[in-house]
Amino acid sequence: MSRSSRGLDLLTRPVHLFGADDLPALAAGNQVLCSAMGGTGIDGVTLCTAELLHRNGPVPLIGLDALPDDALCASVGAVGGFAPLIELPPLGDEFALAVRALEDRLGRRLDAVTALNAAGPNALFPIAAAAALGLPLVDCDGMGRILPLIHQTTYHLAGLPVTPLAACSQTGDVMVLRTGPTRADRLLRGVVDAAGGFMICALYPATAGQLRHAAINGSTSRILNVGRLLTSVAGRSDLLGGLARTMGARLLVGGRIVEVGRTDRTEGTRHYPSMPSGIVVEEFGPAGRTARLEAQNELLLALVDGAVAAAVPDVLCLVDRQRLRLVGLEQAAVGDHVDVLVVPADPMWHSPQGLALAGPRAFGFPVRHPREKGRR
């Protein structure tokens, strides 16, 4: 596939050239930001992305600063559930179909692709899209983690419109949507359900100048570095130290899982695609603290001896202490020895507006985030 003349200019300053050899590290690293959502469904996505990279060549990863202010970008990511991805991974055509539909609506070609969120399968989909389209990928995203709604982004916090949005199903259905952020998610979910459970979307069209104030910089290169750490580290102390250096991660509690189960709390969460559940970890050592982790598909809240110790939008993750691997919610079992880690979210999420959009109360938990001041 030929690249635009403008794209050729941009390729002179890549941060990295993404090839298929980078995918194992990328797949490992992005799980840290999944908040124990797990890696189920990634294998098919990885194979699809690898095929596109083999067919079309490596994808240049470039920094936002390498783009002129008027360069046009759009995020690419999947909306839907993991289960349909397991049953039928993308074929590879969906990316170009979605982006071309968006370009037709905008009346202009894209200069680069960005990530909706550089975590889970959506860490790989923008690479696949960039490979399919012959475009560079910008080293940024709009979440810095996984969040369930398409307007829970720093792009939205900065005032960027999520639409016009184009979506493509695995059977080639293409939809273009233009509406407000809240209705966009609601309308899109209905179409996604009818289309089989997930669709590839091109959304948040914006210039590089707009993204400089709205995007989380360095997201993709960060998870690549973390993935290299996870796939090469030999000991627990080295792993914890490496995650602290690369992501600012801190150990909340290390202990044994003593309870895994569903919770019945649903108030305030019905507008989210979620499955409430809880995990209880008893800390090793004389302190013997009890950590209760609350989840809705991903971990969102940690209470230690009844006090809020960490909460969304900061990332909570579980690491198997013996195997040094991330543990997904579907894998957690009573008796497992785990470390519970907290990775701080981007500072944009700790603003009052960010916490209102993606803090614990946005998910129905009637508590303040540890970084919030004053009374609720």
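Since the structure is predicted, the reported quantities are computational estimates derived from the model, not experimental observations. (Residues numbered from 1 in each chain as written. Predicted model: local features only at pLDDT ≥ 70, side-chain atom pairs only at ≥ 80, totals over all residues. Heavy atoms only, no water.)

**Student:** Describe the nonpolar core, and please don't skip the residues or the numbers.
**Tutor:** Within the largest apolar cluster, 65 residues are counted, with the highest numbers of intra-cluster contacts made by Phe18, Val32, Val59, Phe95, Leu137, Leu239 and Leu243. Examining the composition of this core, we find that 8 residues originate from one element, helix α6 (residues 125-133), more than from any other. With residues up to four places along the chain from it excluded, the contact list for phenylalanine 95 reads Cys48, Leu52, Val76, Pro90, Phe125, Ala128, Ala129, Ala132 and Ile200. Judged by nonpolar contacts, the second largest core, of 47 residues, contains Leu64, Ala71, Tyr155 and Leu188. (Core = buried A, V, L, I, M, F, W, Y, C linked by side-chain atoms within 4.5 Å. Buried < 20%, exposed > 50% of the residue type's maximum accessible area, 1.4 Å probe, protein only. Helix = DSSP H or I, 4+ residues; strand = E, 2+ residues; numbered from the N terminus. Contact = heavy atoms within 4.5 Å.)

**Student:** Break down the confidence of the model for the protein for me, citing the residues and quoting the values.
**Tutor:** Residues at a pLDDT of 70 or more form 91% of the protein, whose mean pLDDT is 89. Contacts for the low-pLDDT stretch residues 1-8, under 50 throughout, to residues beyond four places or in other chains number 14 contacts. Contacts for the low-pLDDT stretch residues 267-271, under 50 throughout, to residues beyond four places or in other chains number 10 contacts. (pLDDT = per-residue confidence, 0-100.)

**Student:** Outline the pairing of strand β15 (residues 307-311), listing residues and values.
**Tutor:** The two faces of the sheet receive side chains in turn, since in a regular strand these alternate between them. In this structure, strand β14 (residues 298-304) lies alongside β15, joined through 4 bridges in antiparallel fashion. Each residue of the ladder has a partner; that of valine 304, found in β15, is alanine 307. Turn length for the β14-β15 hairpin, with the two strands adjacent in sequence and antiparallel, is 2 residues, and the turn residue aspartate 305 shows positive phi of about 50°. (Pairing = 2+ DSSP bridges.)

**Student:** Lay out unusual backbone geometry with the relevant residues and their values.
**Tutor:** Cis geometry is adopted by the peptide bond preceding proline 164, which originates at threonine 163 and carries an omega value of 10°. Mapping proline 164 onto the fold places it in the loop between α7 (154-157) and β7 (165-168). A cis amide bond links valine 312 with the next residue in sequence, proline 313, at an omega value of 15°. Along the polypeptide, proline 313 turns up in the loop between β15 and β16 (315-320). Even without a glycine there, the phi angle at tyrosine 204 is positive, about 50°. Checked against the element boundaries, tyrosine 204 lands in strand β9 (residues 198-207). Assessed through its relative accessible area of 2%, tyrosine 204 is described here as buried. One non-glycine residue, aspartate 305, lies in the positive phi region at around 50°. Following the sequence through the fold, aspartate 305 ends up in the loop between β14 and β15. Looking at aspartate 305, the relative accessible area reads 53%, which means it is exposed.

**Student:** So what's going on with the pattern of salt bridges? Which residues, and what values?
**Tutor:** Scanning the model with the defined rule gives 12 salt bridges in all. For the salt bridge of arginine 236 with aspartate 339, the shortest nitrogen-to-oxygen distance reads 2.6 Å. With arginine 236 in helix α11 (residues 236-247) and aspartate 339 in strand β18 (residues 337-343), the pair connects residues that are 103 residues apart, well separated along the chain. Given the relative accessible area of 30%, arginine 236 is considered partly exposed. Through salt bridges with shared partners, one network takes in Arg100, Glu103 and Arg109. (Salt bridge = Lys/Arg side-chain N within 4 Å of Asp/Glu carboxyl O.)

**Student:** I'd love a proper account of α6, names of residues and values included.
**Tutor:** Because the α-helix completes a turn every 3.6 residues, residues three or four places apart line up on one side. In terms of burial, α6 is largely enclosed, as 9 of its 9 residues are buried. Along α6, the residues classified as buried are Phe125, Pro126, Ile127, Ala128, Ala129, Ala130, Ala131, Ala132 and Leu133.

**Student:** Give a description of the packing of aromatic side chains that names residues and reports values.
**Tutor:** A complete count under the given rule lists 2 aromatic pairs for this structure. Ring geometry for phenylalanine 95 and phenylalanine 125: centres 5.8 Å apart, planes at 45°, overall tilted. With a gap of 30 residues between them, phenylalanine 95 in helix α5 (residues 94-106) and phenylalanine 125 in helix α6 connect regions that are remote in the sequence. By relative accessible area, which is 1% here, phenylalanine 125 ends up buried. (Phe/Tyr/Trp six-rings, centres within 6.5 Å; stacked < 30°, edge-to-face > 60°.)

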